[in-house]
Amino acid sequence: LWRSAIVRAVLAIMIATAVSGCGYRFRTDTPAISVRRVAVLPFVNDTFEVGIETPFTESLREIVLRSSVLRLTPHREAEAALRGRVLGFSAYPIAFPGSATGVRVGAYRASASIEVELTRADGHVLWRRGPLARDAEYLTGATAMATDANKNRAVRQIAWELMGDVRAAFLRGQ
């Protein structure tokens, strides 16, 4: 008799565990939002840095293209649109190597902050993240063109890293 009581108790615990769930979950790359077809609209540039929005838009498009969950579509065919803003950008000197003629800047630190949101066609915001910020350092080149090329590489690096942060937050539903 006591054996059947133990069997019933074990069965009851197993059923309760199965019904309520055990609390363990497998991590997936599925966002909490059920949108699959998205358009990536050009970032808005709220800074004085001309063209700064382009690498952010390109990086977000690339993240969506590489996604196994989202599909990049034209805006008119999309369930929702990802749109962003470059909120701030700065580049300031961080190294001053001396020379015979005086002080010369040797490196800069570029910083950018953004926000991104996913909205339906009716304007309802499904998800928003920001402000997010990153920075990168770049060297002064031998010419102004070389310095600009280094700065552009740093901006692309910042954009790519920020879009990685956006992807991770979106997939976690945060």
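Anything mentioned here points back to the structure above.
Given the structure is predicted, the values throughout are model-derived calculations rather than measurements. Per chain, residue numbering runs from 1 following the sequence as it is written. Local features in this predicted model are restricted to residues whose pLDDT is 70 or higher, and side-chain atom pairs enter the listing and the counts only when it is 80 or higher, whereas totals over whole chains, interfaces and linings include all residues. Neither water nor hydrogens contribute to the side-chain values; these are computed over all heavy atoms in the structure.

Draft legend 1. Seen up close, the overall build of the protein chain. Helix and strand counts for the protein chain come out as three helices and eight strands. Helix and strand assignments come from DSSP, with helices taken as H or I runs of at least 4 residues and strands as E runs of at least 2, each series counted from the N terminus. Traced from its N-terminal end to its C-terminal end, the protein chain shows the element sequence α-β-β-α-β-β-β-β-β-β-α. Counting the 174 residues in the protein chain, one finds 33% classified as buried. A 1.4 Å probe and the Shrake-Rupley method give the accessible areas. Residues count as covered only by the protein chains that appear here. As displayed, the protein chain has an accessible area near 11200 Å², and 56% of this comes from carbon and sulfur atoms. To sort residues, take the accessible area from a 1.4 Å probe on protein chains only and compare it with the maximum for the residue type: under 20% means buried, over 50% means exposed, and anything in between is partly exposed.

Draft legend 2. The packing of helix α2 (residues 53-66) against helix α3 (residues 144-172), seen in detail. Fitted lines through C-alpha atoms give the axes, limited to the stretch in contact for helices. The angle between two N-to-C directions lies from 0 to 180 degrees. The interhelical angle for the contact between α2 and α3, taken along N-to-C directions, is 45 degrees, at an axis separation of 9 Å. Accordingly, the angle class assigned to the pair α2 and α3 is oblique. Where α2 crosses over α3, the two elements pack in a sense that is right-handed. Along its contact with α2, which presents P55, F56, S59, L60, E62, I63 and R66, the element α3 presents V155, R156, I158, A159, W160, L162, M163, G164, V166 and R167. Residues are grouped as follows: nonpolar covers Ala, Val, Leu, Ile, Met, Phe, Trp, Tyr, Cys and Pro; charged covers Asp, Glu, Lys and Arg; every other residue, Gly included, is treated as polar. Tallied by class, residues from the contact of α2 with α3 come to 11 nonpolar, two polar and four charged. Should an angle lie under 35 degrees it is considered roughly parallel, over 145 roughly antiparallel, and from 65 to 115 roughly perpendicular; all remaining angles are considered oblique. In this scheme, a crossing is called left-handed if the near helix is turned counterclockwise away from the far one by less than a right angle; it is called right-handed if the turn is clockwise. Between two residues, a contact is recorded if the distance between any of their heavy atoms is within 4.5 Å.

Draft legend 3. Region of interest: α2. Helix length check: α2 (14 residues) gives 20 Å between terminal C-alpha atoms against 20 Å at 1.5 Å per residue, within 8%. Along α2, the residues that are buried comprise P55, F56, T57, S59, L60, I63 and V64. Expected helix span is given by 1.5 Å per residue-to-residue step, counting one fewer step than there are residues.

Draft legend 4. Geometry of the packing of aromatic side chains. Geometry of aromatic contacts follows a simple scheme: Phe, Tyr and Trp rings, the Trp one being its six-membered ring, pair when their centres are within 6.5 Å, and the pair is stacked under 30 degrees between planes, edge-to-face over 60, tilted otherwise. Across all of its chains, the model carries three aromatic pairs by this definition. When the ring of Y108 is compared with that of Y138, the centres are 5.3 Å apart and the planes differ by 15 degrees; the resulting orientation is stacked. Taken as a pair, Y108 in strand β7 (residues 107-120) and Y138 in strand β8 (residues 125-139) lie far apart in primary sequence, 30 residues in all. Assessed through its relative accessible area of 22%, Y108 is described here as partly exposed. A ring pair is formed by W127 and F170, whose centres lie 5.3 Å apart and whose planes are at 85 degrees; its orientation type is edge-to-face. Of this pair, W127 sits in strand β8 while F170 sits in helix α3, placing them 43 residues apart in sequence. The burial state of W127 is the same as that of F170; both residues are buried.

Draft legend 5. Highlighting the pairing of β8. Any two strands between which DSSP finds at least two bridges are classified as paired. When β7 meets β8, the two strands line up antiparallel, connected through 12 bridges. Considered in β8, the bridge of L118 is made with W127. In sequence, β7 turns back onto β8 through a hairpin of four residues, with G123 there showing a positive phi of about 95 degrees.

Draft legend 6. Up close: unusual backbone geometry. The step from G130 to P131 runs through a cis peptide bond, and the omega angle for that step is 0 degrees. Note that P131 resides in strand β8.

Draft legend 7. Spatial organisation of the pattern of salt bridges. Just to be clear on terms, a salt bridge is a Lys or Arg side-chain nitrogen sitting within 4 Å of an Asp or Glu carboxyl oxygen. In the structure shown here, the tally under the stated rule is eight salt bridges. As a salt-bridge pair, E62 and R66 come within 2.8 Å of each other at their nearest N and O atoms. Taken together, the residues span about one helical turn, with E62 and R66 both in helix α2 at a distance of four residues. The exposure class of E62 is partly exposed, given its relative accessible area of 29%. Its salt-bridge partner being R109, residue E137 comes within 2.4 Å of it at the nearest N-O pair. With E137 in strand β8 and R109 in strand β7, this residue pair connects regions lying 28 residues apart in the sequence. R109 sits in the partly exposed class, given a relative accessible area of 23%.

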